[in-house]
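Geometric and topological summary
In case you want the letters, here they are:
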Amino acid sequence: MVLYDSTALAGNSSGSSSSSSSKPPPPPLQPQQQQEIDGLLAGAGYKVRSSELRKVAQRLERLETAMVNSPADFSQLASDTIHYNPSDLASWVDSLLSEFAQPPTCPSEFVMDPVTNQTVVNDAWTTTEPNMPQVHQNISYEQQSLNNQLTVVTAMEEDSGIRLVHMLMTCAECIQRGDFPLATSFLEDMQGLLTRVNTVCGIGKVAGHFIDALGRRIFQGIGGGSINGGSAYENEILYHHFYEACPYLKFAHFTANQAILEAFDGHDCVHVVDFNLMHGLQWPALIQALALRPGGPPLLRLTGIGPPSPDGRDSLREIGLRLAELARSVNVRFAFRGVAASRLEDVKPWMLEVNPKESVAVNSIMQLHRLLGSEPNRNSPVETVLSWIRSLNPKIMTVVEQEANHNQPGFLDRFTEALHYYSTMFDSLEACTVQPDKALAEIYIQREITNVVSCEGSARVERHEPLARWRTRLSGAGFRPLHLGSNAYKQASMLLTLFSAEGYSVEENDGCLTLGWHSRPLIAASAWQALSDAPAEFPAPDTHRPS
Amino acid sequence: MVQSHHRGCHRQGNHETVGESKEKRPKFFINDHVDILIEILKRLDCRSLCVAASVCRLWCTIARNDSLWENLCFRHASPPPTSVRSVVLALGGYKRLYMGCVRPVRRRLGRARRASWAGDEVQLSLSLFCVDYYERLGGSNSNGRLVGESSPSSSLMFLCKPVNV
């Protein structure tokens, strides 16, 4: 332990080699200079000037990195101890650094803009190879912590995450401009960066999916990455797991059921048309609620629309049989009809066999957006479908749609919106602990991402539009909104409380309910009724079933 | 209050076996009076009922009876739902409803809600129970997962905390 007094210091400095000291040799220390020495470090045996503390800290970091990265040099250095005077820390570190192959000078600053929390990347950075030591050095310049490796690593990850987002946007912008070679180089950079980010959760996971989707767009062209590549059976399985893993579909089903139940109050002959039957998970709850309603259950008919099954299994019929068995157990008179159609616009109203005496409910869970084209025109599929829905004169039409604007013509805007939306959705999925539901739910969402990002034209079916636009569209097509009511809200809140995650929120939006994660709405449920201005309730003669 | 009833019965039972069997006092053995026993067991909470089921064979049979669980499910519901019985029995019985739906729902909601909400809780539990029954109907061929007799199906997994057994 070196005592803090001039004689000891003088003695040390005279014993040191010529390479260490930065002062003129031999240095009789002036009294003023003694006062600059940092007291705490001096107590530990090191003399470092207070003004140099920051520099010494940085250099120690660099030295540590350099040692870690080239252990061969280090072991050679370890045997040469007499050259260095460790108590004069500044010069000791400098001389050690000069021994290493890595140049201690790092490229220019890696500045964090505190306002936008985005990294401003200098040209010097982009031209050098992004190898490990320099990244460490750059981060440590900002960190100023001597022994806090964990903070360094976390900061590096956060930084990389932010860089990933930045690069994703830039790549998307290149694609919009048509500059595919530059976009390809960005893609490669991003894939490299992805290896350094935690892809198990957080921004890394979502970014990975978006990078894949961009890759598809660049290399396979638009229309190559269509989600219709998966079979209907696969889609059903993924949908089921998405149902289990997070509350969005449950919220949709329960809210729609509540609205339908209230609309059917007092009616004895009811007919529900489901635009996408899947496994029919929505309907057991409705059947049970109808069974228990005061006044007894009505005669319930369910018409389920779904894609045709290719391998001979009649999946619609199987689901219908299951639902019928359930209805029989609870004593509800039930009839099921399946309509197999690969696209919703292929369905004609006569296929549904609506009896004029019964009350009709139309239920569309995330189906209407598939009918949209990119430019609104008179006879787009959605207009056709909405008009024949109107001709059925339904008592209620329940519409649940994703609350996002993924149908913008500009690619970059769409990409940005999708990035925000799906990041939020993946965040909410983190709370789910049930496997394999979580993993398969992610694949389900990933297919949506791929479709939004890498497809165009008729291949892009995930054309989500926000609630405000649906309101305009449906009002223009002759529907008036029905308020969902407090029962639906209470039920939705209760349902959410059952999910262990704290971040979900139900909001009421002018009669519609939205479910979101941390006040970002992700899915919106609304109910509509056809305006009965037309005198006839029967459909026009030419839409009748051809005899 | 009910538990002291328990102890009272047990004590009297023990008294019989320990000593004084020479005394010809009128004995009261609860197992001879099944209707009283049922009345008592009806008022127990879930945990006590499960404990009671391991006392003896008679108690076990009674505790497994669905009507006791019916009481447990709807005890706090105001107003008590009518005509639910046939539906619940068709969907799997009250014990299953309680263990699978009502108990976790009530536990999760119980901190914020009071008895006045119990009606909505019951309705929600019934709906979830129905979805559960429907998935059990699908059996193992729908998603490749075996659905056991007493284990909840996948749709109720979100209600189960991994710690609880």
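Residues numbered from 1 in each chain as written. Chains lettered and ligands numbered in written order. Predicted model: local features only at pLDDT ≥ 70, side-chain atom pairs only at ≥ 80, totals over all residues. Heavy atoms only, no water.

Following the UniProt record, the feature "domain: F-box" (unreviewed entry) maps to residues 34–72 of chain B here. Summarising residues 34–72 of chain B: 79% helix, 0% strand, and an end-to-end C-alpha distance of 19 Å. (UniProt positions renumbered as here; feature names shortened; annotations may be inferred. Helix = DSSP H or I, 4+ residues; strand = E, 2+ residues; numbered from the N terminus.)

Looking now at the packing of helix 4 (residues 57–64) of chain B against helix 5 (residues 66–74) of chain B. All names here are of chain B. The interhelical angle for the contact between helix 4 and helix 5, taken along N-to-C directions, is 55°, at an axis separation of 5 Å. Viewed along their axes, helix 4 and helix 5 adopt a mutual orientation that is oblique. Between helix 4, through Ile62, Ala63 and Arg64, and helix 5, the contact on the second element is made entirely by Asp66, Leu68 and Trp69. Residue composition of the contact of helix 4 with helix 5, by class: four nonpolar, no polar and two charged. (Axes fitted to C-alpha atoms, helices over the stretch in contact; angles between N-to-C directions. Parallel < 35°, antiparallel > 145°, perpendicular 65-115°, else oblique. Contact = heavy atoms within 4.5 Å. Nonpolar A, V, L, I, M, F, W, Y, C, P; charged D, E, K, R; others polar.)

This paragraph deals with the pattern of salt bridges. All names here are of chain A. Across all of its chains, the model carries 23 salt bridges over all chains by this definition. A salt bridge links Arg343 to Asp346, with the shortest nitrogen-to-oxygen separation between them at 3.0 Å. Residue Arg370 is joined to Glu462 by a salt bridge in which the shortest nitrogen-to-oxygen separation is 3.2 Å. Of this pair, Arg370 sits in the loop between strand 6 (359–365) and helix 16 (381–391) while Glu462 sits in the loop between helix 18 (437–454) and helix 19 (467–476), and the two are 92 residues apart along the sequence. (Salt bridge = Lys/Arg side-chain N within 4 Å of Asp/Glu carboxyl O.)

With that out of the way, let us pick up helix 14 (residues 283–291) of chain A. Burial of helix 14 of chain A is extensive: nine of the nine residues sit out of reach of the surface. Residues of helix 14 of chain A that are buried: Trp283, Pro284, Ala285, Leu286, Ile287, Gln288, Ala289, Leu290 and Ala291 of chain A. (Buried < 20%, exposed > 50% of the residue type's maximum accessible area, 1.4 Å probe, protein only.)

As a further point, take unusual backbone geometry. Excluding glycine, residues mostly carry a negative phi; peptide bonds, for their part, are mostly trans. Residue and element names in this part refer to chain A. Positive phi outside glycine occurs at Glu353, with the angle close to 50°. Looking at the element boundaries, Glu353 is found in the loop between strand 5 (334–340) and strand 6. The exposure class assigned to Glu353 is partly exposed, which follows from its relative accessible area of 31%. Non-glycine residue Ser519 carries a positive phi angle of around 65°. One can find Ser519 in the loop between strand 10 (512–517) and strand 11 (520–530).

Right, let's get into the interface of chain A and chain B. Taken together, the contacts link 33 residues of chain A with 32 residues of chain B. Carbon and sulfur atoms make up 69% of the surface buried where chain A meets chain B, a total of about 3,000 Å² over both sides. Counting every contact that joins chain A to chain B gives zero salt bridges. Counting the contacts that link chain A with chain B gives five residue pairs in polar contact (both at pLDDT 80 or more). For the side of chain A that touches chain B, the class distribution of residues is 18 nonpolar, nine polar and six charged. (Buried area = accessible area lost by both parts, 1.4 Å probe. Polar contact = N/O pair within 3.5 Å; in protein donor to acceptor, adjacent residues only side chain to side chain.)

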